[in-house]
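Understanding the architecture of this molecule
Each chain, written out:
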Amino acid sequence: ADPANLVPDGAVLDGIRRALRPGGRVALSAFSSYFQVRHLLDENTFHATSAVHHERTEVRDPEGRPAEVDLWTTCYTPRELQLLAERHGLAVDHLWSVTPGDYARRAPTVDSEEFLLVGRRPQ
């Protein structure tokens with residue numbers, strides 16, 4: 001697999017919007033491009049043109065058998081994430097810097113691993 005074969009992120013947001021009732025709320029997290037570049041940058045795993053981070057990891061099936069798989073994750077700046085959500089019909093109420101497991105309300109920074117977008121489908 002490569003980034004060119006991934007489902008476009010806009011299509012994912014379109015599906016989220018369609019699944020929400022008018023006024024329905026959504027919270028979604030996204031990897032930070034800033035964090036990737038500042039802390040994890042590796043020319044072989046972060047594709048600057050597409051802002052996609054690639055890594056290999058191990059997962060286990062229900063019986064506990066391991067398998068090595070590719071993870072391809074698009075990374076965003078807060079501005080990109082907000083513009084993408086709005087372009088696909090979601091109103092953005094909040095955008096915070098977060099760390100997995102710590103979802104306090106913090107202004108976006110370049111040192112957080114992820115951003116949390118809280119929004120809604122307009123009425």
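Residues numbered from 1 in each chain as written. Predicted model: local features only at pLDDT ≥ 70, side-chain atom pairs only at ≥ 80, totals over all residues. Heavy atoms only, no water.

**Quick notes on the overall build of the protein**
Check the secondary structure of the protein and you find three helices and six strands. Secondary structure elements of the protein, listed N to C terminal, follow the sequence α-β-α-β-β-β-α-β-β. Its C-alpha atoms give the protein principal-axis dimensions of about 45 × 35 × 30 Å. Sequence separation of 24 or more characterises 57% of the internal contacts of the protein that already satisfy a separation of 6 or more. Each charge class in the protein can be summarised by its mean position, and for the 14 positive and 18 negative side chains these summaries are 12 Å apart. (Helix = DSSP H or I, 4+ residues; strand = E, 2+ residues; numbered from the N terminus. Contact = heavy atoms within 4.5 Å. Lys, Arg positive; Asp, Glu negative; His and termini not counted. Charge placed at Lys NZ, Arg CZ, Asp CG, Glu CD.)

**Considering the side chain of Ser112**
By secondary structure assignment, the location of Ser112 is in the loop between strand E5 (91–98) and strand E6 (114–120). Overall, Ser112 belongs to the buried group, its relative accessible area being 7%. If we skip the residues at most four places from it in the chain, Ser112 touches Ser32, Phe35, Ser97 and Val98. (Buried < 20%, exposed > 50% of the residue type's maximum accessible area, 1.4 Å probe, protein only.)

**Notes on the sheet that holds E5**
The strand order across the open sheet formed by six strands is E2-E3-E4-E1-E6-E5, and the pairing between neighbours is mixed. On the outer flanks of this sheet lie strand E2 (46–47) and E5, each paired with one strand and no other. Sheet topology note: the strand E1 (residues 25–32)/E6 ladder contains seven bridges and is antiparallel. Note on E6: the bridge partner recorded for Phe31 is Glu114. Running at roughly 25° to E1, helix H2 (residues 33–40) makes contact with E1, E2, strand E3 (52–60), strand E4 (66–76) and E6 of the sheet. Packing of helix H3 (residues 78–87) onto the sheet brings it into contact with E1, E4, E5 and E6, and relative to E5 it is tilted by some 155°. (Pairing = 2+ DSSP bridges. Axes fitted to C-alpha atoms, helices over the stretch in contact; angles between N-to-C directions.)

**Comments concerning the side chain of Ser97**
Relative to the elements of secondary structure, Ser97 occurs in strand E5. One polar contact links Ser97 to Ser112, side chain to side chain, over a distance of 2.7 Å. Excluding residues that lie within four positions of it along the chain, Ser97 makes contacts with Ala104, Arg106, Ala107, Pro108, Thr109, Ser112, Glu114 and Phe115. (Polar contact = N/O pair within 3.5 Å; in protein donor to acceptor, adjacent residues only side chain to side chain.)

**Examining unusual backbone geometry**
The phi dihedral of Ala51 falls on the positive side, at around 60°, and the residue is not glycine. Along the chain, Ala51 turns up in the loop between E2 and E3.

**As for H3**
Within H3, burial applies to Pro78, Leu81, Leu84 and Ala85. Down the axis, H3 shows its buried residues gathered within 135° of arc, on one side only. Of the exposed residues in H3, the ones pointing more than 90 degrees away from its buried face are Arg79 and Arg87. Buried residues along H3 sit against helix H1 (9–19), E1, H2, E4, E5 and E6. (Arc of directions from axis to C-beta.)

**So, the pattern of salt bridges**
Following the criterion strictly, the structure yields ten salt bridges and no others. The salt bridge involving Arg56 is made with Glu68; its shortest N-O contact spans 2.9 Å. You can see Arg56 sitting in strand E3 and its partner Glu68 sitting in strand E4, a full twelve residues away along the chain. In this structure, the salt-bridge partner of Asp70 is Arg56, at a minimum N-O distance of 2.9 Å. Of this pair, Asp70 sits in strand E4 while Arg56 sits in strand E3, and the two are 14 residues apart along the sequence. (Salt bridge = Lys/Arg side-chain N within 4 Å of Asp/Glu carboxyl O.)

**Focus: the environment of Ala48**
Positionally, Ala48 belongs in the loop between E2 and E3. Residue class for Ala48 comes out exposed when judged on its relative accessible area of 68%. Put simply, Ala48 and Ser33 are 15 residues apart on the chain and 9.2 Å apart in space, counted from C-alpha to C-alpha.

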